[in-house]
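Structural overview
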Amino acid sequence: MRKVADCRDYPSESNCSLAISGEEDEVVRAAAEHAASVHGHTDTPELREELRKMLKDEATV
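Parameters at a glance
- Residues numbered from 1 in each chain as written.
- Predicted model: local features only at pLDDT ≥ 70, side-chain atom pairs only at ≥ 80, totals over all residues.
- Heavy atoms only, no water.
- Helix = DSSP H or I, 4+ residues; strand = E, 2+ residues; numbered from the N terminus.
- Polar contact = N/O pair within 3.5 Å; in protein donor to acceptor, adjacent residues only side chain to side chain.
- Contact = heavy atoms within 4.5 Å.
- Pairing = 2+ DSSP bridges.
- Axes fitted to C-alpha atoms, helices over the stretch in contact; angles between N-to-C directions.
- 1 Å grid on protein atoms, 1.4 Å probe; cavity = no way out; pocket = protein on both sides within 12 Å on 5 of 7 lines; lining within 4 Å.
- Points joined across faces, edges and corners; volume = space filled by probe spheres on them.
- Nonpolar A, V, L, I, M, F, W, Y, C, P; charged D, E, K, R; others polar.
- Core = buried A, V, L, I, M, F, W, Y, C linked by side-chain atoms within 4.5 Å.
- Buried < 20%, exposed > 50% of the residue type's maximum accessible area, 1.4 Å probe, protein only.

**Quick word on the side chain of K3**
- The topology assignment puts K3 in strand β1 (residues 3-6).
- Polar contacts involving the side chain of K3 include one to the side chain of D57, which spans 2.4 Å.
- Discounting chain neighbours no more than four positions away, the residues touching K3 are I20, S21, G22, E24, V27, L55, K56, D57 and E58.

Dropping the structure here:
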């Protein structure tokens, strides 16, 4: 099952609208890199674990 991380679910000052979908590990890695480079978070194992918990299943069309 593909997973999705969507910044729109977590409003920020930048009003980020990025959504990332793919295999779970790919999404966690990309979301952590995005969180660090765009939102100023530090890419740590703890951040990645929190991101993993927030992933949603991708809707099937």
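Still more ground to cover, so stick around.
**Here we look at the sheet that holds strand β2 (residues 19-22)**
- Taken in spatial order, the 3 strands line up as β2-β1-β3 in an open sheet, and their pairing is antiparallel. If you trace the sheet from one side to the other, it starts and ends with β2 and β3 (56-57), each paired once.
- Pairing between β1 and β2: 4 bridges, direction antiparallel. For V4, the partnering residue across the bridge sits in β2 and is S21.
- In the packing of helix α1 (residues 24-39) onto the sheet, contacts are made with β1 and β2, and the angle to β2 comes to roughly 155°.

**Overview of the layout of surface pockets**
- Its boundaries defined by the atoms lining it, the largest pocket holds a volume of some 340 Å³.
- Around the largest pocket sit 16 residues that line it, and C7, Y10, A35, L51 and M54 are the ones nearest its centre.
- Contributions of two or more residues to the lining of the largest pocket are made by β1, α1 and α2 (45-54).
- Considering each element in turn, the lining of the largest pocket owes the most residues, 4 residues, to α1.
- By residue class, the composition of the lining of the largest pocket is 11 nonpolar, 4 polar and 1 charged.

**Comments concerning unusual backbone geometry**
- The phi dihedral of N15 is positive, around 50°, even though this residue is not glycine.
- By the secondary structure assignment, N15 is in the loop between β1 and β2.

**A closer look at the nonpolar core**
- Within the largest apolar cluster, 10 residues are counted, these being A5, I20, V27, V28, A31, A32, A35, L47, L51 and L55.
- Secondary structure elements with two or more residues in this core: α1 and α2.
- The element best represented in this core is α1, accounting for 5 residues.
- The contact partners of I20, leaving out residues within four places of it in the chain, are K3, V4, A5, V27, A30, A31 and H34.

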